[in-house]
Amino acid sequence: MLSWNQPSAFAVQHRFDRLFYLGFAVVAWAVVIIGFGPGLVDRLQGRLPPPPLILHAHAAAFTGWLALFTTQTLLIRAHRTDVHKKLGTIGAALAVAMVYLGIATALAVHRERFEAGHGERISFLIVQIMGMVIFGTCVTLALFLRRNPSAHKRLMVLATVELLGAGFGRSLGRVLMKQFGSGLIGFPLALFAGGYALIVLAMLYDLWTRRRVHPVYLIGLPAMMAAHLVMSVIFHHPSWPPVVRTLIGH
């Protein structure tokens, strides 16, 4: 029986891999810039109030992840797997910091919004919590399977796609919300349809270059969608806002 821990179970390299993963990194940067760029400009020009201090640390850590992902991709292109492995330790530490900062920042922002009279928005906290759960799970599995490069790099792709939900939500969310609505199914689709599309493209790339799709995607995409559906159920449940108020100290 083939196992994910068997490097020979799935072709590790293909001559187009370097181009594909570099292209993914470029798309990830574009999603973040398009999604967060307008808000950043508004803050710099004073049209939005200064963010909490923790938000700066959060932004630095998440930008650092994209920078590290891009650097790791370039190192593989340059056949510097030795440096790639050394930077993996930094990536593991950064991922831990990101999970902490992701949840802590979400709590701080929702506390601020609630105190400013925007209590109707606090239910969104579950989106950020679930995002960190999915991201942390993917990175943990990637580290566990680091000796299986084909599984490792695809789990890193899934982890990064989950982070892009915020960028997609800000850029495509309103358009998709009009299309799908804001109900149990429409809500997660509005936030994550762009990410699902990226994963499907990655699956098609596997099919084209390996004649089959890697198990990481076959298991990971349905699991991610199921987690997002659970997130939507919690978001829409009337018992969730009181829980959030308790978490933010109100």
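As the structure is a prediction and not an experimental result, all values here were calculated from the model.

Thoughts on the overall build of the chain
Tallying secondary structure elements over the chain gives nine helices and zero strands in all. Taking 18 Å as the expected radius of gyration for a compact globule of 250 residues, we find that the chain reaches 19 Å, a close match to that expectation. With the C-alpha coordinates of the chain rotated into their principal frame, the extents come out at 55 × 35 × 30 Å. For the chain, buried positions account for 42% of its 250 residues. The long-range fraction of contacts in the chain, counting pairs at least 24 apart against all pairs at least 6 apart in sequence, stands at 75%. With an accessible surface of roughly 13,400 Å², the chain has 69% of that area assigned to carbon and sulfur atoms. Across the chain, the 22 positively charged side chains and the 8 negatively charged ones have centroids separated by 9 Å.

Some remarks on the pattern of salt bridges
All chains considered together, the criterion is met by three salt bridges. Arg210 is paired through a salt bridge with Asp17; the nearest N and O atoms lie 2.7 Å apart. With Arg210 in helix 7 (residues 186-210) and Asp17 in helix 1 (residues 17-44), this pair connects stretches of sequence that are 193 residues apart. The class for Arg210 is buried, based on a relative accessible area of 9%. Residue Asp17 is classed as buried on the basis of its relative accessible area of 3%. Measuring nitrogen to oxygen at the nearest pair gives 2.7 Å for the salt bridge that ties Asp206 to Arg154. Note that Asp206 is positioned in helix 7 and Arg154 in helix 5 (residues 149-163), a separation of 52 residues in sequence. Among the residues examined, Arg154 registers a relative accessible area of 0% and is labelled buried. Three or more residues joined by partner-sharing salt bridges are found here, namely Asp17, Lys153 and Arg210.

Some remarks on the environment of Lys178
Looking at the secondary structure, you find Lys178 in helix 6 (residues 165-180). For the pair Lys178 and Ala190, spaced twelve residues apart in sequence, the C-alpha separation works out to 8.6 Å.

Here's the deal with the packing of aromatic side chains
Scanning the entire structure with this criterion turns up eight aromatic pairs. On the basis of an interplanar angle of 80° and a centroid distance of 5.0 Å, the ring pair of Trp65 and Phe135 is categorised as edge-to-face. With Trp65 in helix 2 (residues 53-77) and Phe135 in helix 4 (residues 125-144), the pair connects residues that are 70 residues apart, well separated along the chain. The buried category is assigned to Phe135, whose relative accessible area is 0%. For the pair Phe124 and Phe187, a centre-to-centre distance of 6.2 Å together with 90° between the ring planes defines the contact as edge-to-face. Here the residue Phe124 occupies a position in the loop between helix 3 (81-115) and helix 4, and Phe187 occupies one in helix 7, the gap between them amounting to 63 residues.

Let's talk about the side chain of Asp206
Asp206 gets classed as buried once you look at its relative accessible area, which sits at 0%. Beyond its immediate chain neighbours, meaning those up to four positions away, Asp206 contacts Phe10, Arg154, Arg211, Arg212, Val213, His214 and Tyr217.

Points about the nonpolar core
Judged by nonpolar contacts, the single largest core of 58 residues is most densely connected at Trp65, Met98, Phe135, Leu158, Ile199 and Tyr217. Elements with a contribution of two residues or more to this core: helix 1, helix 2, helix 3, helix 4, helix 5, helix 7, helix 8 (215-236) and helix 9 (240-247). If you tally residues by element for this core, the top one is helix 4, at ten residues.

Notes on the environment of Met203
Tracing the sequence through the fold places Met203 in helix 7. Judged by relative accessible area, which is 16%, Met203 ranks as buried. Each C-alpha atom of the pair Met203 and Tyr217 lies 6.7 Å from the other, and the pair is 14 residues apart in sequence.

Some remarks on the packing of helix 4 against helix 5
Closest axis-to-axis distance for the helix 4/helix 5 pair is 8 Å, and the angle between their directions is 165°. When the axis of helix 4 is compared with that of helix 5, the two are roughly antiparallel. Where helix 4 crosses over helix 5, the handedness of that crossing is left-handed. Facing Gly131, Met132, Ile134, Phe135, Cys138, Val139, Leu141, Ala142 and Leu143 of helix 4, the residues of helix 5 in contact are His152, Leu155, Met156, Leu158, Ala159, Glu162 and Leu163. Of the residues belonging to the contact of helix 4 with helix 5, the class tally is 13 nonpolar, two polar and one charged.

What counts, and at which threshold
Residues numbered from 1 in each chain as written. Predicted model: local features only at pLDDT ≥ 70, side-chain atom pairs only at ≥ 80, totals over all residues. Heavy atoms only, no water. Helix = DSSP H or I, 4+ residues; strand = E, 2+ residues; numbered from the N terminus. Rg over C-alpha atoms; globule rule 2.2 N^0.38 Å. Buried < 20%, exposed > 50% of the residue type's maximum accessible area, 1.4 Å probe, protein only. Contact = heavy atoms within 4.5 Å. Areas by Shrake-Rupley, 256 points an atom, 1.4 Å probe, with all protein chains shown as cover. Lys, Arg positive; Asp, Glu negative; His and termini not counted. Charge placed at Lys NZ, Arg CZ, Asp CG, Glu CD. Salt bridge = Lys/Arg side-chain N within 4 Å of Asp/Glu carboxyl O. Phe/Tyr/Trp six-rings, centres within 6.5 Å; stacked < 30°, edge-to-face > 60°. Core = buried A, V, L, I, M, F, W, Y, C linked by side-chain atoms within 4.5 Å. Axes fitted to C-alpha atoms, helices over the stretch in contact; angles between N-to-C directions. Parallel < 35°, antiparallel > 145°, perpendicular 65-115°, else oblique. Left-handed = near helix turned anticlockwise from the far one by under 90°. Nonpolar A, V, L, I, M, F, W, Y, C, P; charged D, E, K, R; others polar.

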